[in-house]
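Architecture and fold: a report
Residues per chain are reported as follows:
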Amino acid sequence: MWSGPRNISTAMMRAWGNRSDSVVIDEPFYAYYLKATGKKHPDADEVIATGETDWRKVVVRLTGPVPSGKSIFFQKQMAHHLLPEVDREWLSRVTNCFLIRDPREVIASYIKKQDDPTLDDLGCVQQTKIFRWVRDRTGMAPPVIDARDVLENPKRLLRLLCEVVGIEFSESMLSWPSGLRDTDGAWAKHWYGEVARSTSFQAHHPRHHDVPKRLREIHDRCRECYDRLYEHRLH
């Protein structure tokens, strides 16, 4: 599932991780991305030290047997971690889904943690490119779900997604125990405070977020990408 940062991607990972037939992996390209870009993210040295920095080895893991004898391998992916030098052919061996969120809400959440994001940091352009690659390769649009739709009706949207990808829906996806997980990345202590306290998807509360003037151009570019994917959303 391809997302950008400050979406409900970790809660979505919780939902899939709570299924008895599923195993999850948390942002497997992150260590590679940090080493390749030199980005100064929180705990970057620890993420690099504990993760896999060879993207080819990551791909082998993602396209190999499903770990732990499970039948579903849910892969939480950040679109901007898939740098241009990573070969895309492996995408044809997995089922690709896309999780989008209104960029105004993304930016408002992101700047609480890091104040000056670039366009590349938000992943919208990369997400659109991955979507197009999959669509062009398969001849059909892959499934897209919008974060607001999920929060307003988790059961309906997760049931729709499961139906589209050929998986039986499970009620276990609607709630989970609180706390961190062994499957969470090393960055969890910095980013996952809210989701660690959660036991289900939180209700959506509409708010008006003002985009700082310095980020309006970035917002507008993200909005173009979001609107294109929104046209394909399950609803």
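Preceding this paragraph is the structure being described.
In this report, we go over the structure that sits alongside the text. (Residues numbered from 1 in each chain as written. Predicted model: local features only at pLDDT ≥ 70, side-chain atom pairs only at ≥ 80, totals over all residues. Heavy atoms only, no water.)

Observations concerning the overall build of the protein
- Looking only at helices and strands, the protein has 12 helices and five strands in total.
- The C-alpha atoms of the protein give a radius of gyration of 17 Å, which matches the 18 Å a tight globule of 235 residues would have.
- Principal axes of the C-alpha set define a box for the protein whose edges measure 50 × 40 × 40 Å.
- When the accessible surface of the protein is split by element, carbon and sulfur atoms take 47% of a total near 11800 Å². (Helix = DSSP H or I, 4+ residues; strand = E, 2+ residues; numbered from the N terminus. Rg over C-alpha atoms; globule rule 2.2 N^0.38 Å. Areas by Shrake-Rupley, 256 points an atom, 1.4 Å probe, with all protein chains shown as cover.)

Examining the environment of serine 198
- As for its placement among the helices and strands, serine 198 is situated in the loop between α11 (193-197) and α12 (216-230).
- Sequence separation of serine 198 and proline 67 is 131 residues, and the distance between their C-alpha atoms is 26 Å.
- Setting aside residues up to four positions removed in sequence, serine 198 forms contacts with Trp176, Pro177 and Ser178.
- From its side chain, serine 198 meets the backbone oxygen of valine 195 in a polar contact 2.6 Å long. (Contact = heavy atoms within 4.5 Å. Polar contact = N/O pair within 3.5 Å; in protein donor to acceptor, adjacent residues only side chain to side chain.)

Some points on the side chain of serine 109
- If you trace the backbone, serine 109 turns up in helix α5 (residues 103-110).
- Assessed through its relative accessible area of 14%, serine 109 is described here as buried.
- Not counting chain neighbours up to four residues away, the residues in contact with serine 109 comprise Arg6 and Arg101. (Buried < 20%, exposed > 50% of the residue type's maximum accessible area, 1.4 Å probe, protein only.)

A closer look at the pattern of salt bridges
- Under the definition given, this model contains 16 salt bridges.
- Here lysine 189 makes a salt bridge to glutamate 46, at a shortest N to O gap of 2.9 Å. In this pair, lysine 189 sits in helix α10 (residues 188-191) while glutamate 46 sits in helix α3 (residues 44-50), placing the two residues 143 residues apart along the sequence.
- Taking the relative accessible area as the measure of exposure, lysine 189 reaches 54% and is therefore exposed.
- Members of the salt-bridge network, linked through shared partners, are Asp26, Glu27 and Lys76. (Salt bridge = Lys/Arg side-chain N within 4 Å of Asp/Glu carboxyl O.)

Description of the packing of helix α7 (residues 124-138) against α12
- Put simply, α7 and α12 touch, their axes get as near as 8 Å, and they point 30° apart. Taken together, the axes of α7 and α12 lie roughly parallel to each other. Note on packing geometry: the crossing formed by α7 with α12 is left-handed. Note on element contacts: α12 touches α7 through Arg221, Cys222, Cys225, Arg228 and Leu229, opposite Cys124, Val125, Gln127, Thr128, Phe131 and Arg132. (Axes fitted to C-alpha atoms, helices over the stretch in contact; angles between N-to-C directions. Parallel < 35°, antiparallel > 145°, perpendicular 65-115°, else oblique. Left-handed = near helix turned anticlockwise from the far one by under 90°.)

Focus on the pairing of strand β2 (residues 22-26)
- Burial of β2 is extensive: five of the five residues sit out of reach of the surface.
- Burial along β2 is two-sided: the residues Ser22, Val24 and Asp26 and Val23 and Ile25 are all buried.
- As paired elements, β2 and strand β3 (residues 72-78) share five bridges and run parallel to each other. Residue pairing across strands places valine 24 opposite phenylalanine 74, the latter belonging to β3. (Pairing = 2+ DSSP bridges.)

What about the pairing of β3?
- For β3, a buried count of seven out of seven residues is recorded, marking the element as mostly surrounded by other parts of the structure.
- Alternating residues of β3 divide into Ile72, Phe74, Lys76 and Met78 and Phe73, Gln75 and Gln77, and every residue in both groups is buried.
- Summarising the sheet, strand β1 (residues 2-3) and β3 pair through two bridges and their orientation is parallel. Bridge pairing in β3 places tryptophan 2 opposite glutamine 77.

Concerning the nonpolar core
- Within the largest apolar cluster, 60 residues are counted, with the highest numbers of intra-cluster contacts made by Ile8, Met12, Trp16, Phe29, Trp90, Ile145 and Phe201.
- Those residues within four positions of isoleucine 145 in sequence are excluded, and the remaining contacts are Met1, Met12, Phe98, Leu99, Ile100, Val150, Leu157, Leu161 and Leu234.
- In this structure, Ile107, Cys124, Leu215 and Ile218 belong to the second largest nonpolar core, which totals 11 residues. (Core = buried A, V, L, I, M, F, W, Y, C linked by side-chain atoms within 4.5 Å.)

Section: α12
- Its 15 residues give α12 an end-to-end C-alpha distance of 20 Å, which sits within 8% of 21 Å, the value for a rise of 1.5 Å per residue.
- Regarding α12, the residues found buried are Ile218, His219, Cys222, Cys225, Tyr226 and Leu229. Viewed along the axis of α12, the buried residues span an arc of 130°, placing them on a single side of the element.
- Where α12 is buried, its residues contact β4 (98-100), α5, α6 (119-122), α7 and β5 (144-146). (Expected span 1.5 Å × (residues − 1). Arc of directions from axis to C-beta.)

Some points on the side chain of aspartate 184
- You can see aspartate 184 is positioned in the loop between α9 (154-165) and α10.
- Not counting the four nearest positions on each side in its chain, aspartate 184 is found in contact with Met13, Arg14, Asp26 and Tyr192.

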